[in-house]
Amino acid sequence: MALFEEEMDSNPMVSSLLNKLANYTNLTQGVVEHEEAENEEGAKRKTVKNPQMGTFIGVYLPCMQNILGVILFLRLTWIVGTAGVLETFAIVFMCCSCTMLTAISMSAIATNGVVPAGGSYYMISRSLGPEFGGAVGLCFYLGTTFAGSMYILGTIEIFLTYIVPNAAIFAAEKKEDAAEAMLNNMRIYGTCCLLFMALVVFVGVKYVNKLALVFLSCVVLSILATYAGVIKTVIEPPDFPVCLLGNRSLENHDFDKCLKTEVFGNATVSTELWKLFCDSPFLNASCDEYFASNNVSEIQGIPGLLSGVISDNLWSNYGPTGMLVEKKGQPSLPAQDASRDGYLPYVFNDIATSFMLLVGIYFPSVTGIMAGSNRSGDLRDAQRSIPTGTILAIATTSFIYMSCVVLFGACIEGVVLRDKFGDSVKRNLVIGTLAWPSPWVIVIGSFFSCCGAGLQSLTGAPRLLQAIARDGIVPFLQVFGHGKANGEPTWALLLTAGICEIGILIASLDAVAPILSMFFLMCYLFVNLACAVQTLLRTPNWRPRFKFYHWTLSFLGMSLCLSLMFISSWYYALVAMLIAGCIYKYIEYRGAEKEWGDGIRGLSLNAARYALIRLEEAPPHTKNWRPQLLVLLNLDAELGVKHRRLLSFTTQLKAGKGLTIIGSVLEGTYMSKAAEAKRSEQSAMLAEKTKGFCHVVASSNLRDGFSHLIQTAGLGGMKHNSVLMAWPTSWKHTQDSVSRRNFIETVRETTAAHQALLVAKNVDGFPGNQERLEGTIDVWWIVHDGGLLMLLPFLLRQHKVWRKCKMRLFTVAQLDDNSIQMKKDLQMFLYQLRLDAEVEVVEMHERDISAFTYEKTLVMEQRSQMLKQMQLSRTEREREVPVCTRPRHAVTEEPLSVTETRARNFRLVGLESLAQLIHDRNTKSHATLNDKAGPVPDRVHMTWTKEKLIGERNRQREANVGVRDLFNMKPNQSNVRRMHTAVELNKAIGSKSRGAQLVLLNMPGPPKNKGGDENYMEFLEVLMEGLPRVLLVRGSGREVITIYS
């Protein structure tokens, strides 16, 4: 394998890779991580037992334990009595369908590769990205935490209502105060229970795991006892009489006999029931009107499976708070005065009921389907066990729920079903009255079931929060990623207990259940969305082993989740979505960047591809035109950005809209410095809050690099249409004129490519993003090249830096123009463009060309000529090769004359000195030329070949002639006129706009003849002289602004 030995570090051998995969071990969530098992000296890794759990123990039973619980025992009978068998069956079917469809989607995701411990959060975050993963993961955490509150409240409700009613701390003296007293008792006992459970979890999870089988056994025994009781009712229904007054159900607490009076011997005496409705035990006492008008009767609360009571329980009985529980078809005479009904021992609705409310209360009973995926680290074969175990568990529990709905409606009297707390059957648990051999089987079983579920929630929620914190996607949660030495999440447990206490303080199971329904539904919604997105995108990595899925099932599950959210409680749904949205935006803004190959990124790529193809079909309309910028940045020797304010100006001009490409060119090879240069650009963009893309091009020279950038930056319809660059301030000082040639060629290339060009002069003096300017933005509209000059101030004023600046528009009128009419027409044009600006027409008549203009033009042309001479001299020097030894036919050069020597040295002087010399000559002060050139030796001895000596003498003679002509040349008339225009325009601009915050003016094009490039730069320099902030604008030639809507 010598052929590949240099790549072994990055590309290991296949045998090595297979060995690593074979030794891969999943760690259970909450245990010591692989890295934590090593000490600083690099000791041997602690051995971790290979997971051995199968489908039944690892997935099926945990899901059963989490799904079957408090709602089944405490609320399902009440839901059946309130909604009726048909509507309850619909509720159960919708909720079970939702979880079944979610389980199918979850199975596809769970079998698409190895799922480490972390369960649903891991699946969602790796499928939909860190933003969605963090938002939904925290929602799932909150749902699990509030589920703990619900289980604790269920535990306390069973304890205080059915096991030890006398243990209540707060006792109500009046019936109307009983509900408030019960809530206070729930708060006190619930807080104590929460502290005890949190302490158990803190001491050790192993105790919770050891008790899990006991709790599961309680659930199974309770369900078996219920089915046994149903069968028993066929043979011999249990005896649970219900007392009715008229058609009203009575609370059977304080009386034993359902009679108004009874006969003892020959005397008729009142009963305990009489005393509850009358003001004295005597038969002539004043009694309640309804009590006096109606008879009492007694019916069986559990008539049995064959009684036909199901026909009475098919339909719903919704009502407001305080509605009496009445038996349909029972004779009753209404009372005129019902004001005292609330103080009498009737059975009431404690809350207003509706179909939507019951959906929210029931849905938590089908949650818990993630229990198998949460244990993925403990499974022998997670990719086989999770789908099989989860779907079988949901199918089993769905059958149990649906059969219970039918059996409850067929066996139990309607007034007992609607009696939430069993007041009419001597405060027995309603489902317990159906159980065999005793109601206590259900009471004790449901009590321990709720305890176990609460412990499981307090165990799982902190670990879920710890997994989110350790991913680092939510910065403020990072403290909760720490724990005890063995990995137990201590801080996360404290936060979980605090949030759980909020649910305890609500104190009502019926109020807490819809809250956790929202969070679980949102989690399930995004599981379905993740599966649908991955399936539709057909990403190469989407290869789940579970094949019984389809994107339509995922979308159906997602739609069902969303519908159930708004059906159960629209305001809770909005609050849950708002919380998830805020977390999403926070992670997007402050969270750590994670690349997990998520589906949202793939969806973005597909959407981008589709949009690019659509954009390619036709060029954008004028109404949709906005500057798509290519910003040309210069980097210094340390690869730092030279003009950062160019990025600030880009941010102010774009305001985050449209395309921005930040480009720079490196001399050399791509592999050496490109990555470092890109990082430098990105850090500068981040500092200046510039949103866009970085593009670094490596080229043998800067000119070709910038040319490549202008030609190739962008993709398809998302190409730049404008180029922004800084004015090359060093063009006068650079002897090789690289910056001047780069600038002029860039102007020519953007013109040829029909792209706009923006050149910022004094860019380091432009405002930062934190500054707020007041003043004017002055636009000097000399020629029309598409209207970009008027669009740019409008875009700038959208940013807070320039928002308080007013726009002023100047245009130039010549001798033949009617300036008054021009101003009116321009004002009307701006009105139609919907732009607010002050208009001023500046009159510039033909004037005589001043001596200053002649002199400036002459200096400019002499400098240009001298630059050519210097370039020639430099080329000659580069061709010279010094010789160390004297060749055979070498000759000694004859001494040069003083004039020839002076001319040679004159060509070697720097650009600034030459310009000063030429200026001194034209102003009669050039007599010091020889002094500035320095001492010149009379004879220069060099070693030459004969041919080189002859060529050099010829060139010296030409140079002498060129230098003598340089001081006697006359300026070109065309250049004089251009200089005259530049000087006059500069005067006009200076007089009107010297105090402006920004001056925008048309940028004249370069000469078609490249011989005048040096003069072109001088014209632009004169045009902008003395102005603090200038933006030269050269349009693309197409209209970018329109008067039409």
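As a reminder, the structure under discussion sits directly above these lines.
Quick look at the structure, then.

Parameters at a glance
- Residues numbered from 1 in each chain as written.
- Predicted model: local features only at pLDDT ≥ 70, side-chain atom pairs only at ≥ 80, totals over all residues.
- Heavy atoms only, no water.
- Helix = DSSP H or I, 4+ residues; strand = E, 2+ residues; numbered from the N terminus.
- Buried < 20%, exposed > 50% of the residue type's maximum accessible area, 1.4 Å probe, protein only.
- Contact = heavy atoms within 4.5 Å.
- Areas by Shrake-Rupley, 256 points an atom, 1.4 Å probe, with all protein chains shown as cover.
- Expected span 1.5 Å × (residues − 1).
- Bend = angle between axes of the 7 residues up to and from the residue.
- Core = buried A, V, L, I, M, F, W, Y, C linked by side-chain atoms within 4.5 Å.
- Salt bridge = Lys/Arg side-chain N within 4 Å of Asp/Glu carboxyl O.
- 1 Å grid on protein atoms, 1.4 Å probe; cavity = no way out; pocket = protein on both sides within 12 Å on 5 of 7 lines; lining within 4 Å.
- Points joined across faces, edges and corners; volume = space filled by probe spheres on them.
- Nonpolar A, V, L, I, M, F, W, Y, C, P; charged D, E, K, R; others polar.
- Disulfide = S-S within 2.5 Å.
- Polar contact = N/O pair within 3.5 Å; in protein donor to acceptor, adjacent residues only side chain to side chain.
- Axes fitted to C-alpha atoms, helices over the stretch in contact; angles between N-to-C directions.
- Left-handed = near helix turned anticlockwise from the far one by under 90°.
- Phe/Tyr/Trp six-rings, centres within 6.5 Å; stacked < 30°, edge-to-face > 60°.
- Lys NZ or Arg CZ within 6 Å of the ring centre and 35° of its normal.
- Patch = residues over 30% accessible without salt bridge, like charges linked within 9 Å, V, L, I, M, F, W, Y side chains within 5 Å.

## Let's talk about the overall build of the chain
Then comes step 1: The helix and strand inventory of the chain stands at 33 helices and 17 strands.
Then comes step 2: For the chain, buried positions account for 51% of its 1045 residues.
Then comes step 3: Counted over contacts in the chain with a minimum sequence separation of 6, partners at least 24 positions apart contribute 81%.
Then comes step 4: For the chain, the accessible area works out to roughly 50200 Å², and carbon and sulfur atoms hold 57% of it.

## A few points about helix 4 (residues 76–110)
Then comes step 1: With 35 residues, helix 4 should cover 51 Å at 1.5 Å per step; its first-to-last C-alpha distance of 32 Å lies more than 12% under that length.
Then comes step 2: In helix 4, a bend of some 115° at Gly84 exceeds every other bend along the element.
Then comes step 3: Of all 35 residues making up helix 4, 29 are buried, and the element is well covered by its neighbours.

## Focus: the nonpolar core
One broad rule of soluble globular proteins: the nonpolar side chains tend to lie buried together.
Then comes step 1: Core analysis: the largest hydrophobic core is formed by 160 residues, its most contacted members being Met150, Tyr362, Phe363, Tyr401, Phe408, Ile412 and Phe526.
Then comes step 2: No other element matches the 22 residues that helix 5 (residues 119–163) contributes to this core.
Then comes step 3: Excluding residues that lie within four positions of it along the chain, Phe408 makes contacts with Leu76, Thr77, Val80, Thr226, Leu417, Ile431 and Leu434.
Then comes step 4: By size, the runner-up hydrophobic cluster in this structure holds 53 residues, among which are Leu666, Cys694, Leu826 and Val1040.

## Points about helix 25 (residues 788–796)
Spacing of three or four residues puts side chains on the same side of an α-helix, whose turn is 3.6 residues.
Then comes step 1: Within helix 25, eight of the nine residues are buried, leaving the element largely enclosed by the surrounding structure.
Then comes step 2: When we look at burial in helix 25, the residues that qualify are Leu788, Leu789, Met790, Leu791, Leu792, Pro793, Leu795 and Leu796.

## Section: the pattern of salt bridges
Pairs may arise between side chains of opposite charge once their charged atoms sit close together.
Then comes step 1: For the structure shown, the criterion picks out 20 salt bridges.
Then comes step 2: In this structure, the salt-bridge partner of Lys804 is Glu774, at a minimum N-O distance of 3.9 Å. In this pair, Lys804 sits in strand 12 (residues 804–813) while Glu774 sits in strand 11 (residues 774–781), placing the two residues 30 residues apart along the sequence.
Then comes step 3: By relative accessible area, which is 60% here, Lys804 ends up exposed.
Then comes step 4: Given the relative accessible area of 55%, Glu774 is considered exposed.

## Concerning empty space enclosed by the protein
Then comes step 1: In this structure the tally under the stated criterion is three cavities of 30 Å³ or more.
Then comes step 2: Within this model, the largest cavity holds a volume of roughly 60 Å³.
Then comes step 3: Lining of the largest cavity is provided by Val201, Phe202, Pro462, Arg463, Lys484, Glu488, Pro489, Thr490 and Leu493.
Then comes step 4: Residue assignment for the lining of the largest cavity shows that the elements contributing at least two residues are helix 6 (178–203), helix 15 (439–471) and helix 16 (490–506).
Then comes step 5: Of the residues belonging to the lining of the largest cavity, the class tally is five nonpolar, one polar and three charged.

## What about the state of the cysteines?
Then comes step 1: Considering all chains together, one arrives at two disulfides under this definition.
Then comes step 2: Residue Cys243 pairs covalently with Cys258 via a disulfide, S to S 1.9 Å. Taking the torsion about the sulfur-sulfur bond, which here is approximately 75°, the covalent link between Cys243 and Cys258 counts as right-handed. With Cys243 in strand 1 (residues 241–245) and Cys258 in the loop between strand 2 (248–249) and strand 3 (261–264), this pair connects stretches of sequence that are 15 residues apart.
Then comes step 3: Just so you know, Cys139 is unpaired, no disulfide at all, and the nearest cysteine sulfur is the one on Cys523, 8.5 Å from it.
Then comes step 4: Taking relative accessible area as the criterion, Cys139 reaches 0% and is therefore assigned buried.

## A short note on the side chain of Gln755
Then comes step 1: By the element assignment, Gln755 lies in the loop between helix 24 (738–752) and strand 10 (756–761).
Then comes step 2: Among the polar contacts made by the side chain of Gln755, one reaches the side chain of His720 at a distance of 3.2 Å.

## Let's talk about the packing of helix 7 (residues 205–235) against helix 15
Then comes step 1: Two numbers describe how helix 7 lies on helix 15: the axes approach to 8 Å, and their chain directions differ by 145°. In the packing of helix 7 onto helix 15, the handedness of the crossing is left-handed. Contacts between helix 7 and helix 15 involve Val205, Val208, Ala212, Phe215, Cys218, Val219, Leu221, Ser222, Ala225 and Thr226 from the first element and Val441, Ile442, Gly445, Ser446, Phe448, Ser449, Gly452, Leu455, Gln456, Thr459 and Arg463 from the second.
Then comes step 2: Split into classes, the residues belonging to the contact of helix 7 with helix 15 amount to 12 nonpolar, eight polar and one charged.

## Considerations on the packing of aromatic side chains
Then comes step 1: Considering all chains together, one arrives at 24 aromatic pairs under this definition.
Then comes step 2: Residues Trp542 and Tyr549 carry aromatic rings whose centres are separated by 5.9 Å and whose planes lie at 80° to one another, so their mutual orientation is edge-to-face. For the pair formed by Trp542 and Tyr549, the shared burial category is buried.
Then comes step 3: Chaining the aromatic ring pairs together yields one cluster made of Trp274, Phe277, Tyr290, Phe291, Tyr346 and Phe348.
Then comes step 4: The residue whose ring lies beneath Lys260 is Phe291, and the NZ or CZ to ring-centre distance is 4.6 Å.

## Remarks on a nonpolar patch on the surface
Then comes step 1: A cluster of nonpolar side chains, contributed by Leu562, Phe566, Trp570, Tyr571, Leu574 and Met577, occupies part of the molecular surface with about 590 Å² of accessible area.
Then comes step 2: Put simply, the parts of the chain that give the nonpolar patch at least two residues each are helix 18 (551–568) and helix 19 (570–590).
Then comes step 3: It is helix 19 that contributes the most residues to the nonpolar patch, four residues altogether.
Then comes step 4: Of note, Met577 is situated in helix 19.

Read these as layout, nothing more, since geometry by itself doesn't imply function.
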